[in-house]
Amino acid sequence: MTQDLQQLAFRSEAATANEALSGLLAILGGAQRRNREAGLTGAIAVSGARYFQVLEGDGEAIDEALARIEGDPRHENVQIVARRPVPFRSFEAWSLASPTVLPSLKLQIDLAISSCEADCDYAISLLRSVVMTQHLNGCLLAA
Ligand SMILES: Cc1cc2nc3c(=O)[nH]c(=O)nc-3n(C[C@H](O)[C@H](O)[C@H](O)COP(=O)(O)O)c2cc1C
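Just so you know, these numbers come straight off a predicted model, no measurement behind them.

Conventions used here
- Position numbers for residues count from 1 along each chain, tracking the sequence in the order it is written.
- Only residues with pLDDT of 70 or above have their local features reported here, since the model is predicted, and side-chain atom pairs are shown and tallied only from 80 upward, although totals for entire chains, interfaces and linings are computed over all residues.
- Helix and strand assignments follow DSSP, with helices taken as H or I runs no shorter than four residues and strands as E runs no shorter than two, numbered in order from the N terminus.
- The reference for a compact globule is 2.2 Å times residues^0.38; the radius of gyration itself is calculated from the C-alpha atoms.
- Partly exposed residues are those whose C-beta has more than 12 but fewer than 20 other C-beta atoms within 10 Å; with 20 or more the residue is buried, with 12 or fewer it is exposed, and the C-beta atoms are placed from the backbone.
- Any residue pair is listed as a contact if its two C-beta atoms, each placed from the backbone, are within 7 Å.
- Whether a residue is near a molecule or strand depends on its C-beta atom, generated from backbone atoms, being within 6 Å of that molecule or strand.
- Each residue gets one of three labels, nonpolar for Ala, Val, Leu, Ile, Met, Phe, Trp, Tyr, Cys and Pro, charged for Asp, Glu, Lys and Arg, and polar for the others, Gly among them.
- Between any two strands, at least two bridges found by DSSP are needed for them to pair.
- Expected helix span is given by 1.5 Å per residue-to-residue step, counting one fewer step than there are residues.
- By definition, the arc is the one covered by directions from the helix axis to the C-beta atoms.

Chemist: Break down the overall build of the protein chain for me, citing the residues and quoting the values.
Modeler: A count of helices and strands for the protein chain gives 4 helices and 4 strands. Its helices and strands in sequence order give the protein chain the pattern β-α-β-β-α-β-α-α, from N to C terminus. Taking 143 residues into account, the globule formula puts the C-alpha radius of gyration at 15 Å, and the protein chain, at 14 Å, falls close to it. Counting the 143 residues in the protein chain, one finds 34% classified as buried. Of the contacts made within the protein chain by residues no fewer than 6 positions apart, 79% connect residues no fewer than 24 positions apart.

Chemist: Would you mind going over the site of the ligand in detail, with residue names and values included?
Modeler: Near the ligand lie 16 residues; those nearest to it are Ala31, Arg34, Tyr51, Arg68 and Asp72. Looking at the shell around the ligand, the element that brings in the most residues is helix H1 (residues 20-38), giving 4 residues. Here the shell around the ligand is built from residues that sort into 8 nonpolar, 4 polar and 4 charged.

Chemist: Which residues make up the pairing of strand S3 (residues 50-58), and what values do they have?
Modeler: Within S3, 7 of the 9 residues are buried, which leaves it mostly tucked inside the rest of the structure. Where strand S1 (residues 5-14) meets S3, 9 bridges bridge the pair, whose relative direction is antiparallel. Residue Leu8 lies in a different strand from S3, and its bridge partner there is Leu55. Pairing analysis gives 7 bridges linking strand S2 (residues 41-47) to S3, with the strands arranged antiparallel. In the strand pairing of S3, Ala43 is matched with Val54. Where S2 folds back on S3, the antiparallel hairpin that results is connected by 2 residues, among which Gly48 adopts a positive phi of roughly 60 degrees.

Chemist: Got a sec to walk through helix H3 (residues 103-114)? Specific residues and values, please.
Modeler: Between its first and last C-alpha atoms H3 spans 17 Å; for 12 residues at 1.5 Å apiece the expected length is 16 Å, and the two agree. Along H3, the positions that sit buried rather than exposed are Ile109, Ala112 and Ile113. An end-on view of H3 places all buried positions within 90 degrees of arc, on one side of the element. Taken together, the buried residues of H3 touch S1, S2, S3 and helix H4 (120-136).

What follows is the structure, encoded as structure tokens:
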């Protein structure tokens, strides 16, 4: 699985306004199970009506997941902001981590999602640092 390790990052919008968070709760369990089976790891943040997700793993496994994700009517305007080989995983312990976007983080995360087309590295590293911080604080279990 590490021979062709790739990273994908995308942004999308919940199909129904204000339902991004409840949509995520419906998606998460199945997505984590399928990602685990496919050797994929990653994280997703929800801010307002927008999703920002990172997936990493074998290129073919990413293609398969992406085809399903892009065809999912629960969100729209799926914009891929990164697709590239990477030397290591940023979310190794998580099939799909879903950190809480606390009010104190919302502005920073909103800005990162808004500008992720121009600067995907900032958005990805912010997501990673939020996941790591919440994990160290005991607020986020490995999933
Ligand atoms: C924002 C968003 C992110 C998703 N992320 C994943 C994911 O990481 N892995 C996954 O298997 N499904 C994910 N899904 C769910 C898929 O789109 C799809 O519903 C699921 O893979 C089942 O596909 P199927 O109904 O064609 O079998 C996501 C859906 C949304 C809306």
